[in-house]
Amino acid sequence: MTDMTASPSGALATDARLRARLRQRKRKQVILQGLGLGAISFAGLMLFILVASLVSTGYKAVTQTHLTVEVFVDPQEISVDKLPRGGFRDVLAAALIKEFPDMAEAGRKDLRALTGVYSNGAQFRLRDMIVADPGLIGQTVTLTVPVSDPFDQLQKDLIKRETPQAQRRVDDRQIAWFDTLAERGMISEPINWGLLTNADSRFPELAGLKGALVGSFWALLVCFAISFPVGIGAAIYLEEFAPKNRMSDIIEVNINNLAAVPSVVFGLLALAVFLGWFGLPRSAPLVGGMTLALMTMPTIIISTRAALKAVPPSIREAALGVGASRHQVVFGHVLPLAMPGVMTGTIIGLAQALGETAPLLLIGMNAFITSAPGTPLDSATALPTQIFIWADSPERGFVSRTSAAILVLLGFLVMMNGIAIYLRNKFERSW
Amino acid sequence: MTSIAFLALFAISIIGYVWNITAVNAIRKGGNRLHSLGYFHGMYAFLVSFIPVFVVILLWLLLQGPVIEWIVAGGLPAGEYDGLGTGEQQLVMAEIKSIARGTIFGEPEEWKIAAAERLTRLYTLSSRAMLIAVVALGLGLMFLSRSKVSAEFRARHGVEHIVSGLMIFCATTAVFVTIGIVASLLFETLKFFDKVSVSEFLFGTNWEPQIPLREDQVAAEGAFGWLPVILGTLVITAVALFIAVPVGLMSAIYLNEFAPCRLRAVVKPALEILAGVPTVVYGFFAVLTVAPAIRAFGAQIGIDVAPNTALAAGGVMGIMLIPFISSFTDDALSAVPRTLSDGALGLGATRAEMVTTVLFPAAIPGIVGGVLLAVSRAIGETMIVVMAAGLIAKMTLNPLDSVTTVTVQIVTLLIGDTSFDNPKTLAAFALGMMLFIVTLIINIFAIRIVRKYREAYD
């Protein structure tokens, strides 16, 4: 009875309470969604900052400031019979003095301040030109050479003219000279192909990635040559032939664990076994590739097994039914159908290997090497270790080069992953 | 010479292949039916000559260096070489080798030049002998396989046996690699413990391997105590997880339960990009952007932050681990049967309530497994900390301070020239051993948890 009489007002009361409670529950949902969105925005923001900071420093290395001068190759300084020795530096200095006649009588210190515009590689560039064609001696040649790093940074506004003289690496006089040269149209800023075609150098304006690219190429080639056949063989055996016994279990557990072993441990293994016991050469892409192969193998095995598993049993049964042997079934029917998946996994594994740094450091692929390796046995660096070396260099000019090198590395990774995704989309079948 | 040997091997194998196929065709023309297709007879010849000779070449190349060096060292004048320590012996050998290559510094002694000449001669001899061995063995095997061609010969079975053997070998490589890792680490670590006691390494609170160790200093107290190093590792790992776990978890939950399709289509690839960025790039990012930013922020609110604070390295490592945690959470959430969440929704729970009270608790084991794997990744991560963390080991829990990690120490101890007889180098292997053991235990535990609970719902 009481219930009945109380019911209208009571219902209202619970209604209000319910509504409040519902509001509270919905608020909780909004909070949870907000947290989720916040987390995603945080991750996105970090990705954005990462890319933005690399691009904003790296784009400076896309161009390189060059100086074009008319050099009179003075036979008194450079004579044919003394090549490749000669006073190349003096000849270059004379070319600049011609632009600033008042410097003709200047002391050594002032002269050095003036010739500091040249990159250290300028004299070697001139030397190589003249060695290649000794007929140039006595003539005037037009030489376009990189300017040294501080002037490059001045041109790119990385060294601000407003900074007090004592705090920048070029003094007011040098800036004045540089501006005069620029007014006379002798300063140009072409695309910095040297970044890709030069090998490493102590001088940022001359340093390039050629050695690292070639080293990475050799290492990846060795890595592929080892990990691809071995990985596929292991995967086929485990997926198609292995009996379910203790040994197979041990192998499986091993592969799964290897995939999670820290990369630096593989470096230790390579250092102790490949270099220490087998006596293979230090810093060689061959050793780097072998080390990377050990790390890539689990990836290839796991993805190949997944690809083999995805081939429906009807294919196997049909082939067996018409009299194929188990090997013929696998190699003639299952493996070709699984190949797109295998290739995708392999490319992704190689992309990981391309970015791997730590094991390469331990086997000495962070050496300072000024020429590209000709064979996998020569000393070399790889792209990621080159990035590490440059990142560690004190010269300011290397900051933008490091970013640029990272962008090159990321470019390669994006390309490889793009190929993998393309293969997957083009050849993937759903049964 | 090596490439000629490989070429010869290829040529012989291919000739064997063709020769057997021709022989098969001749038999077939004679009116006989063969057990195996001609292709298998050819493959049989190819594999029978290729594989053994290939192995011989590899072994030869691996062993000739040490053997020749050993012969040359044995021929050196008495007293000049055998009395020296390992490091000095290596130096002498390196000098002899560089003389043999033609790069001579200063005036080397007479016997070194003689040794260099012998070295060159032995190498020429060895490579010639290898070529002869390759050709002889290859031809022998080729004739052997040719002699087997007959109508009854089961070439297919032969080929399949060989291929099976190869595949088993491939599969066991993983085991060999693990054995190799354990053996090499153990071997060097035991040498290390000859010089530094185990208890000192495990319980010492002082890590100063950079101090040059003289004979009387080896026993100096606690120069190789790993506690501050592992403590630093844990500090950085904690910072990383502090960022990665909430962000990764929340983004996976949101993507799985709330996100509109179009957002998911954008965010998932973005996370994959984040996962594919090499760690050296993250390391540079930490040095270039994050560390200065943290320092500037610290200066603004009046806190003194070390230049290579654990916050920078740990924070960036956290960013690196976000996709890792989020993908594991994603897997764990998807593994929870739809019936559970549908049931909760059917009873009137809001989506948020369903997630917090049903979905998430059911997925916890998988998530824990993923977090554990992330811990092992963070402990073993190298490049970010090598570039952004400090070098000096301190017993501190303060993330603003600069700390060092196990991997940083391994890399700094081993960068540059290394010889295997000083405790500095060996210490790196001892640290590597500990790193391997710790990550292995965490991995096994994590993989087991993940697998066990994934199966529970199947």
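Attention now moves to the packing of aromatic side chains. Taken as a whole and judged by the stated rule, the model has 22 aromatic pairs over all chains. Here the aromatic residues Phe192, Phe193, Phe201, Trp207, Phe224 and Trp226 of chain B are joined through ring pairs into a cluster of three or more. Across the ring face of Phe100 of chain A, the terminal group of Arg184 of chain A is positioned such that the distance to the ring centre comes to 5.4 Å. Between Arg202 of chain A and the ring centre of Phe368 of chain A, over which it is positioned, the NZ or CZ distance is 3.8 Å.

Below, the discussion takes up the environment of Ile31 of chain A. Residues and elements named next belong to chain A. As for its placement among the helices and strands, Ile31 is situated in helix α1 (residues 2-58). Taking relative accessible area as the criterion, Ile31 reaches 52% and is therefore assigned exposed. Along the backbone, Ile31 and Phe72 are 41 residues apart, and their C-alpha atoms lie at a distance of 76 Å.

With that settled, the discussion passes to a positive patch on the surface. All names here are of chain A. A cluster of like positive charges, contributed by Arg89, Arg108, Lys109 and Arg112, occupies part of the molecular surface. A per-element tally of the positive patch places helix α3 (residues 108-115) first, with three residues. Locating Arg108 in the fold gives a position in helix α3. Relative accessible area serves as the criterion here: at 71%, Arg108 is assigned to the exposed category.

The subject of this paragraph is the interface of chain B and chain A. Each partner contributes to the interface: chain B provides 81 residues, whereas chain A provides 74 residues. Around 6,300 Å² of area is buried between chain B and chain A when both sides are counted, 80% of it from carbon and sulfur atoms. At the junction of chain B and chain A, the tally comes to one salt bridge. In this structure, the salt-bridge partner of Glu353 of chain B is Arg25 of chain A, at a minimum N-O distance of 2.6 Å. There are 11 residue pairs in polar contact (both at pLDDT 80 or more) connecting chain B and chain A. Among the elements that make up the side of chain B that touches chain A, the one with the highest residue count is helix α5 (residues 155-195) of chain B (20 residues). Taken together, the residues that form the side of chain B that touches chain A break down as 54 nonpolar, 20 polar and seven charged.

A separate point is the pairing of strand β1 (residues 66-72) of chain A. Residues and elements named next belong to chain A. The pairing of β1 with strand β2 (residues 140-146) spans seven bridges and is antiparallel. Paired with His66 across the bridge in β2 is Pro146. In the sheet, β1 pairs with strand β3 (residues 187-188) via two bridges, with the strands oriented antiparallel. Paired with His66 across the bridge in β3 is Ser188.

Residue and element names in this part refer to chain B. With 93% of its residues at a pLDDT of at least 70, chain B reaches an overall mean of 86. Long-range and interchain partners of residues 218-222, a stretch whose pLDDT sits below 50, account for six contacts in this model, where long-range means more than four residues apart. For this predicted complex, the interface score ipTM comes out at 0.88, alongside a pTM of 0.88.

Our next topic: empty space enclosed by the protein. Residues and elements named next belong to chain A. Summed over the entire model, instances satisfying the criterion amount to five cavities of 30 Å³ or more. In this structure, the second largest cavity is lined by 13 residues; those nearest its centre are Asp149, Asp152, Lys156, Gly397 and Ser400. The set of elements that each furnish at least two residues to the lining of the second largest cavity consists of α5 (149-155) and α16 (397-427). Tallied by class, residues from the lining of the second largest cavity come to three nonpolar, four polar and six charged. When residues of the lining of the second largest cavity are assigned to domains, at least three map to each of domain 1 (62-192) and domain 2 (210-427).

Residues and elements named next belong to chain B. Their axes nearest at 9 Å, the elements helix α11 (residues 338-346) and helix α12 (residues 351-380) cross at an angle of 150°. When the interaxial angle is binned, α11 and α12 end up roughly antiparallel. Like other packed secondary-structure pairs, α11 and α12 cross with a definite hand, here right-handed. When α11 is examined against α12, the residues Arg338, Leu340, Ser341, Ala344 and Leu345 are found in contact with a partner set consisting of Arg351, Met354, Val358 and Ala362. Class assignment for the residues of the contact of α11 with α12 results in six nonpolar, one polar and two charged.

This brings us to α5 of chain B. The end-to-end C-alpha separation of α5 of chain B is 58 Å, in line with the 60 Å expected for 41 residues at 1.5 Å each. Roughly 35° is the biggest bend found in α5 of chain B, and it falls at Thr172 of chain B.

Below, the discussion takes up the pattern of salt bridges. Residue and element names in this part refer to chain A. A complete count under the given rule lists 20 salt bridges over all chains for this structure. A salt bridge links Arg184 to Glu99, with the shortest nitrogen-to-oxygen separation between them at 2.8 Å. Taken together, the residues Arg184 in the loop between α6 (172-183) and β3 and Glu99 in helix α2 (residues 88-99) connect sequence positions 85 residues apart. Take Arg184: its relative accessible area is 43%, and that puts it in the partly exposed class. Through salt bridges that share partners, Asp110, Asp171 and Arg173 make up one connected network.

Residues and elements named next belong to chain A. Over its 26 residues, helix α11 (residues 285-310) runs 35 Å from end to end, which matches the ideal 38 Å to within 8%, given 1.5 Å per residue. For α11, the principal kink sits at Thr296 and spans about 35°; a proline, Pro298, occurs within the next four residues. Of all 26 residues in α11, 20 are buried; the element is thus mostly enclosed.

Turning our eyes to something else, we now look at the nonpolar core. Ile181, Trp207, Val281, Tyr282, Leu321 and Ile410 of chain B are the most contacted members of the largest nonpolar core, which has 205 residues in total. Leu321 of chain B has contacts with Ala240, Leu241, Ala244, Ala374, Arg377 and Ala378 of chain B, leaving out every residue within four places of it along the chain. Counting residues in hydrophobic clusters, the runner-up holds 35 residues, among them Val69, Phe88, Leu136 and Ile175 of chain A.

Parsing chain A into structural domains produces domain 1 (62-192) and domain 2 (210-427). Here domain 1 of chain A and domain 2 of chain A have C-alpha centroids that lie 46 Å from each other.

Rules used in this analysis
As a convention, each chain's residues are numbered from 1 in the sequence order in which they are written. Working convention: letters from A go to chains and numbers from 1 go to ligands, in the order in which they are written. Local features in this predicted model are restricted to residues of pLDDT 70 or higher, and side-chain atom pairs are both shown and tallied only at a pLDDT of 80 or more, whereas totals for entire chains, interfaces and linings draw on every residue. Remark: hydrogens and water are excluded; side-chain values derive from all non-hydrogen atoms of the structure. Any two of the Phe, Tyr and Trp rings considered here, Trp counted by its six-membered ring, make a pair once their centres fall within 6.5 Å; the pair's planes then place it as stacked at under 30 degrees, edge-to-face at over 60, or tilted in between. Here, a charge over a ring is recorded when the distance from Lys NZ or Arg CZ to the ring centre is within 6 Å and its angle to the ring normal is within 35 degrees. Numbering of helices and strands starts at the N terminus; helices are DSSP runs of H or I of at least 4 residues and strands are runs of E of at least 2. Partly exposed describes any residue whose relative accessible area lies between the buried limit of under 20% and the exposed limit of over 50%, with all areas from a 1.4 Å probe on protein chains only and scaled to the type maximum. Here a patch means residues that are over 30% exposed by relative accessible area and free of salt bridges, tied together within 9 Å if like-charged and within 5 Å if nonpolar (Val, Leu, Ile, Met, Phe, Trp, Tyr). Accessible areas in this description were obtained via Shrake-Rupley with a 1.4 Å probe; residue shielding takes into account the shown protein chains only. The term salt bridge refers to a pairing of a side-chain nitrogen on Lys or Arg with a carboxyl oxygen on Asp or Glu at a separation within 4 Å. When charges are tallied, Lys and Arg are placed among the positive residues and Asp and Glu among the negative ones, while His and the ends of the chain are skipped. Taken as the charge centre is NZ of Lys, CZ of Arg, CG of Asp or CD of Glu, depending on the residue. Should any heavy atoms of two residues lie within 4.5 Å, those residues are considered in contact. Two parts placed together each lose some accessible area under a 1.4 Å probe, and adding up what both lose gives the buried area. Two N or O atoms count as a polar contact when they lie within 3.5 Å, although within protein this holds only if one can serve as hydrogen donor and the other as acceptor, and sequence-adjacent residues are included solely when both atoms are side-chain atoms. Three residue categories are used. Nonpolar comprises Ala, Val, Leu, Ile, Met, Phe, Trp, Tyr, Cys and Pro, charged comprises Asp, Glu, Lys and Arg, and polar comprises the others, including Gly. By this definition, two strands are paired if DSSP reports at least two bridges between them. pLDDT is defined as a per-residue confidence score from the predictor, taking values between 0 and 100. Method remark: on a 1 Å grid restricted to protein atoms, a set of points is classed as a cavity if a 1.4 Å probe fits but cannot get out and as a pocket if it is open with protein on both sides within 12 Å along at least five of seven lines; lining residues have an atom within 4 Å of a point. Grid points are joined across faces, edges and corners, and a volume is the space filled by probe spheres set on the points. Just so you know, the domain bounds were taken from an automatic or database domain assignment. An axis is simply a line fitted to the C-alpha atoms; with a helix, the fit covers only the stretch in contact. Between two such axes, the angle follows the N-to-C directions and lies from 0 to 180 degrees. Working rule for angles: under 35 degrees goes down as roughly parallel, over 145 as roughly antiparallel, 65 to 115 as roughly perpendicular, anything else as oblique. By convention the crossing between two helices is left-handed if the near helix lies anticlockwise of the far one by an angle smaller than a right angle, and right-handed if it lies clockwise. Expected helix span is given by 1.5 Å per residue-to-residue step, counting one fewer step than there are residues. Take the seven residues that end at a residue and the seven that start at it, fit an axis to each, and the angle between those axes is the bend at that residue. What makes a nonpolar core is a set of buried Ala, Val, Leu, Ile, Met, Phe, Trp, Tyr and Cys residues whose side-chain atoms join them at distances within 4.5 Å.

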